[in-house]
Amino acid sequence: MAELPRAEWTQREDLARLVEVFGRENLRWVGGAVRDTLLGNAVKDIDAATPLKPDEVVARLKEARIRSVPTGIDHGTVTALLTGGPVEITTLRKDVSTDGRRATVAFSDDWREDAGRRDFTINALYADPVTLELFDWFDGLDDLEKRRVRFVGDARRRIAEDHLRILRYYRFQARFGAMLDGEAERACAELAPMLKGLSRERVGWELQHLLSVVDPTRTVQRMYQQGVLGVILPETGDREI
């Protein structure tokens, strides 16, 4: 049984208190905190998943006198303001419909179903908040070990759900990747024109974060060669990078 290594954040008293409020069976750590702990990187943000509906999350926090902010309550996210820092708590979800820019979701009580709607396997790892047992339905641990960024399930379907995932792929590849995933590369290149339908703000945010990686050169070159960069920066179309 794989377990999350004990890190400073996993031993925080305020997080232990949060687990008491929700009950161990109703809370798991997920996403970046789990991924970065496994990689030995510093953890900045902590996210949790729960089968409890948002109104129940708010009610439990209020009863425990923990301040909260409904940061994305329509999509199931409530932020608990703890002494050690905020924690985003999101109800398990499944997609009902999506147009590639925004999704309509329904709440769920199925952990695997929630994992199946996430972008990359390395972001679909969950950890029990007490035992730190890891839950990995899509071989994210193997991908982490190989430093491979791979979409959960069918790459084209994941991109069709949210076109911004094309740029997220390159950002994560630049940050974590060593081994290229052929299916992901082909899907991003093929579906790159979908990026034209996104707001410049969303595209710009992803691009800035990509360029803030220590050395994004190879990734940016690949984006150019695959025709992705020319979609979001047409002025690079006649330039050699």
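Calculation notes
Residues numbered from 1 in each chain as written. Predicted model: local features only at pLDDT ≥ 70, side-chain atom pairs only at ≥ 80, totals over all residues. Heavy atoms only, no water. Phe/Tyr/Trp six-rings, centres within 6.5 Å; stacked < 30°, edge-to-face > 60°. Helix = DSSP H or I, 4+ residues; strand = E, 2+ residues; numbered from the N terminus. Buried < 20%, exposed > 50% of the residue type's maximum accessible area, 1.4 Å probe, protein only. Lys NZ or Arg CZ within 6 Å of the ring centre and 35° of its normal. Expected span 1.5 Å × (residues − 1). Contact = heavy atoms within 4.5 Å. Polar contact = N/O pair within 3.5 Å; in protein donor to acceptor, adjacent residues only side chain to side chain. Axes fitted to C-alpha atoms, helices over the stretch in contact; angles between N-to-C directions. Left-handed = near helix turned anticlockwise from the far one by under 90°. Parallel < 35°, antiparallel > 145°, perpendicular 65-115°, else oblique.

**Student:** If you had to explain the packing of aromatic side chains to someone new, which residues and values would you point to?
**Tutor:** Tallied over the full model, the rule gives 10 aromatic pairs. Both rings, one in Phe-120 and one in Phe-172, keep their centres 5.3 Å apart while their planes meet at 45°; by these two values the pair is tilted. Of this pair, Phe-120 sits in the loop between helix H4 (111-116) and strand E8 (126-127) while Phe-172 is found in helix H7 (residues 165-176), placing the two residues 52 residues apart along the sequence. A residue is classified by how much of its surface remains accessible, and Phe-172, at 5% relative accessible area, is buried. Ring geometry for Phe-151 versus Tyr-169: centroids 5.9 Å apart, planes at 20°, classification stacked. With a gap of 18 residues between them, Phe-151 in the loop between helix H5 (140-146) and helix H6 (155-161) and Tyr-169 in helix H7 connect regions that are remote in the sequence. Note on Phe-151: relative accessible area 2%, which makes it buried. A network of ring pairs unites the aromatic residues Phe-120, Phe-151, Tyr-169, Tyr-170, Phe-172 and Phe-176 as a single cluster. When the ring centre of Trp-111 is taken as reference, the NZ or CZ atom of Arg-28 above it lies at 4.2 Å. One Lys or Arg, Arg-28, reaches over the ring of Phe-135 and ends 3.7 Å from the middle of that ring.

**Student:** Describe in detail H7, supporting the description with residues and values.
**Tutor:** In this model H7 runs 15 Å from its N-terminal to its C-terminal C-alpha over 12 residues, within 8% of the 16 Å that 1.5 Å per residue would give. On its buried side, H7 packs onto helix H2 (32-39), H6, helix H8 (182-191), helix H9 (200-211), helix H10 (217-225) and helix H11 (229-232).

**Student:** Describe the environment of Asp-128, and please don't skip the residues or the numbers.
**Tutor:** If you trace the backbone, Asp-128 turns up in the loop between E8 and strand E9 (134-135). Taking the relative accessible area as the measure of exposure, Asp-128 reaches 6% and is therefore buried. Along the chain, Asp-128 and Leu-4 lie 124 residues apart, while their C-alpha atoms are 8.7 Å from each other. Each residue touching Asp-128, except ones within four places of it in the same chain, is listed here: Arg-24, Glu-133 and Phe-135. A distance of 2.8 Å separates a polar atom in the side chain of Asp-128 from the backbone nitrogen of Val-130.

**Student:** Go over the side chain of Arg-165 with me, naming the residues and quoting the values.
**Tutor:** Mapped onto the secondary structure, Arg-165 falls in helix H7. A polar contact of 3.1 Å, which involves the side chain of Arg-165, links it to the backbone oxygen of Arg-117. Leaving out residues up to four positions away in the same chain, Arg-165 has contacts with Arg-117, Arg-118, Asp-119, Phe-120, Phe-151 and Arg-158.

**Student:** Which residues make up the packing of H7 against H10, and what values do they have?
**Tutor:** The N-to-C vectors of H7 and H10 enclose an angle of 150°; their axes lie 9 Å apart at closest approach. H10 is crossed by H7, and the crossing has right-handed handedness. Contacts between H7 and H10 involve Leu-167, Tyr-170, Gln-173 and Ala-174 on the former and, on the latter, Thr-219, Arg-222 and Met-223.

**Student:** Could you give an account of the packing of H7 against H8, naming the residues involved and the relevant values?
**Tutor:** The geometry of H7 relative to H8 is characterised by a closest axis approach of 10 Å and an angle of 140° between their N-to-C directions. As the angle between them shows, H7 and H8 are arranged oblique. The handedness of the crossing between H7 and H8 is left-handed. Residues Ile-166, Tyr-169 and Tyr-170 of H7 pack against Ala-184, Glu-185, Cys-188, Ala-189 and Leu-191 of H8.

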